[in-house]
Amino acid sequence: MTEPTDTPAAKPAMGMLERRGIEAAILKPVYEEMAARLGEAVAQEILGAAITRAAVESAAAFAATEPNGTSLKSFADLQPLWTKDDALRLEVLHQDETRFDYNVTRCRYAEMYREMGLGPIGHLLSCNRDAAFCTGYDPSIKMERTQTIMQGASHCDFRYRVDKPQG
């Protein structure tokens, strides 16, 4: 018997843009039903909490695969999953062992959610995951962001720092 050629190992990894589009298509009717029954505020609170929990769990799974443990470098090395298919255009401002600063100048996630009629909750579906991902991946990595394209800014300003205890 021969091995199938369409095994997961033989396929290129799905980019996050494609994954988020599939997830959003599934979540849209669920969110709409929750909003109709419970109101927008409660529906957004539930969705936000669920997405945050999923981001922490996903990040922990990524961290568990790091043979030498997590670091800001291993974290930065994951970026191609989120930028695949021109999903994000980044302008890296600074990158070393303790800082990783960049601006996102184009966000196809925001474009996709708006096209799907999910613009008002796009920040919950994507942006909300970013800081939570740090927590699950390596709690010493802290993210600061003051603006996002998703919420109308010209760019997203991602600033990551490593806050490891001395000794």
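Our subject is the structure listed above.
Rules behind the numbers
Residues numbered from 1 in each chain as written. Predicted model: local features only at pLDDT ≥ 70, side-chain atom pairs only at ≥ 80, totals over all residues. Heavy atoms only, no water. Helix = DSSP H or I, 4+ residues; strand = E, 2+ residues; numbered from the N terminus. Buried < 20%, exposed > 50% of the residue type's maximum accessible area, 1.4 Å probe, protein only. Polar contact = N/O pair within 3.5 Å; in protein donor to acceptor, adjacent residues only side chain to side chain. Contact = heavy atoms within 4.5 Å. Pairing = 2+ DSSP bridges. Disulfide = S-S within 2.5 Å.

Novice: Help me get a handle on the side chain of Thr148, residues and values and all.
Specialist: Tracing the backbone shows Thr148 in the loop between strand 3 (141-144) and strand 4 (156-162). Looking at Thr148, the relative accessible area reads 9%, which means it is buried. Within polar-contact distance, the side chain of Thr148 engages the backbone nitrogen of Gln151 at 3.2 Å. Once residues within four sequence positions are removed from consideration, Thr148 is found in contact with Cys127, Ala153, His155 and Cys156.

Novice: Go over the pairing of strand 1 (residues 88-95) with me, naming the residues and quoting the values.
Specialist: The sheet contact formed by strand 1 and strand 2 (residues 99-107) spans seven bridges and is antiparallel. Following the sheet pairing, Gln95 is matched in strand 2 by Phe100. Counting the residues between successive antiparallel strands, the hairpin from strand 1 to strand 2 contains three residues.

Novice: For the state of the cysteines, give the residues involved together with the corresponding values.
Specialist: A complete count under the given rule lists zero disulfides for this structure. Free cysteine Cys107: the closest other cysteine sulfur is in Cys156, separated by 5.6 Å. Cysteine Cys134 remains unbridged, with the sulfur of Cys127 as its closest cysteine sulfur at 13 Å.

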